[in-house]
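Each chain, written out:
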Amino acid sequence: MILRGMIVVAAILVGNVAFGVIGVDKDFKRGDANNDLLVDTTDAVVLQEYLYLGTYSPVCEASCDANDDGWVDNSDIIFILDYVFNGGAAPLDPGPYYCGADPTNDDLTCYVSACE
Ligand SMILES: [Ca+2]
Ligand SMILES: [Ca+2]
């Protein structure tokens, strides 16, 4: 019985090393709402599904906050579409090109990311 418990503990420790510790924010690409490492029209579509239809649930809230104002709302959809179609400003740091940590202090989390 003790051996079984030790194996479970070892598996949990190995799992934390392999998959990261739950509750720790991951690096991400801002604007990448669907977590596929690209920022494109699909991200605007899944944000609409999340905000208005409830048919999509983002795994990384921080990546959905394209304008980095600490909220995920319609302005992020507009921000992404302006960036993709009009050459507007790129999503703020860490931006759409490189994975990175959120430089601002807000309540949005990122526990799962394709960056890590
Ligand atoms: Ca994407
Ligand atoms: Ca926002």
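Every chain's residues receive numbers from 1 upward, in the order its sequence appears when written. The order in which chains are written sets their letters, starting at A; the order in which ligands are written sets their numbers, starting at 1. Local features in this predicted model are restricted to residues of pLDDT 70 or higher, and side-chain atom pairs are both shown and tallied only at a pLDDT of 80 or more, whereas totals for entire chains, interfaces and linings draw on every residue.

### Some details on the environment of R30
No. 1: By definition, any uninterrupted DSSP run of H or I lasting at least four residues is a helix, any uninterrupted run of E lasting at least two residues is a strand, and each is numbered from the N terminus. Examined against the element boundaries, R30 turns out to sit in the loop between α1 (2-19) and α2 (41-53).
No. 2: Residues are called buried when their C-beta atom has 20 or more other C-beta atoms within 10 Å, exposed when it has 12 or fewer, and partly exposed otherwise; all C-beta atoms are positioned from the backbone. Among the residues examined, R30 registers 30 C-beta atoms within 10 Å and is labelled buried.
No. 3: Residues R30 and S63, spaced 33 residues apart in sequence, show a C-alpha to C-alpha distance of 4.3 Å.
No. 4: Whether two residues are in contact is decided by their C-beta atoms, placed from the backbone, lying within 7 Å. In this structure R30 touches S63, D65, A66, D68, P91, L92, D93, P94, G95 and P96, once residues within four positions along its chain are discounted.

### Observations concerning helix α4 (residues 74-86)
No. 1: Helix span, expected: 1.5 Å multiplied by one less than the number of residues in the helix. Along its 13 residues, α4 runs 17 Å from first to last C-alpha, staying within 8% of the 18 Å computed at 1.5 Å per residue.
No. 2: Buried residues of α4: D76, I77, F79, I80 and Y83, and no others. Each buried residue of α4 lies within a common arc of 160 degrees when the element is viewed along its axis, so the set occupies one face. Looking at α4, the residues exposed on the side facing more than 90 degrees away from the buried face are N74, F85 and N86.
No. 3: A positive phi of about 70 degrees marks G87, the residue just after α4. Within this analysis, the arc is defined by the directions that extend from the helix axis to the C-beta atoms.

### So, the environment of Y52
No. 1: On the secondary structure map, Y52 appears in helix α2.
No. 2: A count of 11 C-beta atoms within 10 Å places Y52 in the exposed class.
No. 3: Taking the C-alpha atoms as reference points, Y52 and N74, 22 residues apart in sequence, are found 9.5 Å from one another.

### A look at α2
No. 1: With 13 residues, α2 should reach 18 Å at 1.5 Å per residue; the first-to-last C-alpha distance of 17 Å fits that figure.
No. 2: Of the positions making up α2, those classed as buried are D43, A44, V46 and L47. Looking straight down α2, one finds that the buried residues subtend no more than 165 degrees of arc, so they occupy a single side. Of the residues in α2, the exposed ones pointing more than 90 degrees away from the buried face are T41, Y52 and L53.
No. 3: Looking at the packing, one finds that the buried side of α2 touches α3 (61-64) and α4.
No. 4: Just downstream of α2, G54 is the residue with a positive phi angle, here 70 degrees.

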